[in-house]
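A closer look at the structure
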Amino acid sequence: MDLGLSGKKAVVCAASKGLGRAVAVALAVEGVDLVINARSHETLEITAENIRAKTGVSVVPIAADITTEAGREAVLTACPDPDILVNNAGGPPPGDFRDVSREDWIRAFDANMLTPILLIRAVVDGMIDRRFGRIVNITTSGVKSPGTYPQLGVSIGVRSGLTGFMGVLSRQVARHNVTINALLPGRFETDRLRETIKFAAATVGRSVEEQTALAQNLIPAGRFGRPEEFGDFVAFLCSAQASYLTGQNIVLDGGAFPGLI
Ligand code: NAP
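Residues numbered from 1 in each chain as written. Predicted model: local features only at pLDDT ≥ 70, side-chain atom pairs only at ≥ 80, totals over all residues. Heavy atoms only, no water.

1. Points about the sheet that holds strand S3 (residues 59–63)
In any sheet, the strands associate via hydrogen bonds between backbone groups, in a parallel or an antiparallel arrangement. The strand order across the open sheet built from seven strands is S3-S2-S1-S4-S5-S6-S7, with neighbouring strands paired in parallel fashion. Of all strands in the sheet, those bounded by a partner on one side alone are S3 and strand S7 (249–252). Direction aside, the axes of adjacent strands within the sheet are offset by 15 degrees on average. Here strand S1 (residues 9–12) pairs with strand S4 (residues 84–87) via three bridges, running parallel. Across the sheet, residue Ala10 finds its bridge partner in S4, namely Ile84. Across the sheet, helix H1 (residues 18–29) is in contact with S1, strand S2 (33–38), S4, strand S5 (133–138) and strand S6 (178–185); its angle to S1 comes to roughly 170 degrees. (Pairing = 2+ DSSP bridges. Helix = DSSP H or I, 4+ residues; strand = E, 2+ residues; numbered from the N terminus. Axes fitted to C-alpha atoms, helices over the stretch in contact; angles between N-to-C directions. Contact = heavy atoms within 4.5 Å.)

What follows is the structure in structure tokens.
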């Protein structure tokens, strides 16, 4: 299927590795020119070069912390008028909320709630004027099933705030062909997942291998997700065909969410 994205411009945040990189690759395969971002210059450059070599699109890497004002400004200067914005950043560390300071909470709000909102504020009116916009927020399946992740209360708490705000905003821009959706990853094979599993294993005194097998066993698909599966889904959410799909929080988790709706 031609997703109708050739020649469009996208900003993909936190995209040198993991889910963000997979999204960048999937959009590039569709002919989308990219501005990608991450903090570490070296990994980001390698990712940018690999995507250029594979797809031939323009890839501008901006090494910056997207959770800072300077970082967001650098990214928006490189692409002030994106057709597609994919919001992503590292998640807050796992742990017991009793150990989380006020400063840690504020850092988490900045990274996983306010940063996406501020980026959207900067680009949404241009999307409205051009009558095309696709915004995808990468959150977590924990927003729908918080009980599954007892160590990730901070992450789930602040991302739920983002989810609530997007529920309002998405309805205000829908008539201009600007969609806002969230994709809620379950467990995908990335560095972040490996860290989370290591933390859980250490907490309960299991080996990483045992913890991995246990985690996979809880997923009806019997395995972790592959980042490419996530990237391709985001590319579809950004497509011309997906113009009637907005304000949704879509779980991609191999069937792990236990509810019906
Ligand atoms: P990952 O493999 O660790 O990759 C994170 C990417 O984000 C890297 O490119 C990293 O590069 C970049 N990054 C992190 N903080 C950044 C910042 N402040 N500014 C700019 N770039 C930043 O993680 P992932 O698994 O892809 O996770 C992506 C998001 O999905 C996270 O928020 C995570 O909590 C969420 N999530 C993941 C899973 C999963 O199973 N993988 C499940 C639920 C939710 P630098 O370190 O160089 O900046």
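Now that the structure has been shown, we can carry on.
2. As for the layout of surface pockets
What the largest pocket holds in volume is close to 1,300 Å³. Around the largest pocket, the lining comprises 50 residues; the ones closest to its centre are Ala89, Gly90, Gly91, Arg159 and Arg192. Looking at the lining of the largest pocket, the elements with two or more residues in it are H1, S2, helix H4 (102–130), helix H5 (153–173) and helix H6 (191–204). Taken together, the residues of the lining of the largest pocket sort by class into 20 nonpolar, 18 polar and 12 charged. In this structure, the second largest pocket encloses a volume near 360 Å³. What lines the second largest pocket is a set of 18 residues, and nearest its centre among them are Thr148, Pro150, Arg187, Ala200 and Gln211. (1 Å grid on protein atoms, 1.4 Å probe; cavity = no way out; pocket = protein on both sides within 12 Å on 5 of 7 lines; lining within 4 Å. Points joined across faces, edges and corners; volume = space filled by probe spheres on them. Nonpolar A, V, L, I, M, F, W, Y, C, P; charged D, E, K, R; others polar.)

3. Brief notes about the pairing of S4
The alternating pattern of S4 places Ile84 and Val86 on one face and Leu85 and Asn87 on the opposite face, and all of these are buried. In the sheet, S4 pairs with S5 via four bridges, with the strands oriented parallel. Note that in S5 the partner of Val86 across the bridge is Val136. Of the crossover connections in this fold, the one passing from S4 over H4 to the parallel S5 is right-handed. (Buried < 20%, exposed > 50% of the residue type's maximum accessible area, 1.4 Å probe, protein only. Right-handed = clockwise from strand over helix to strand, strands pointing away.)

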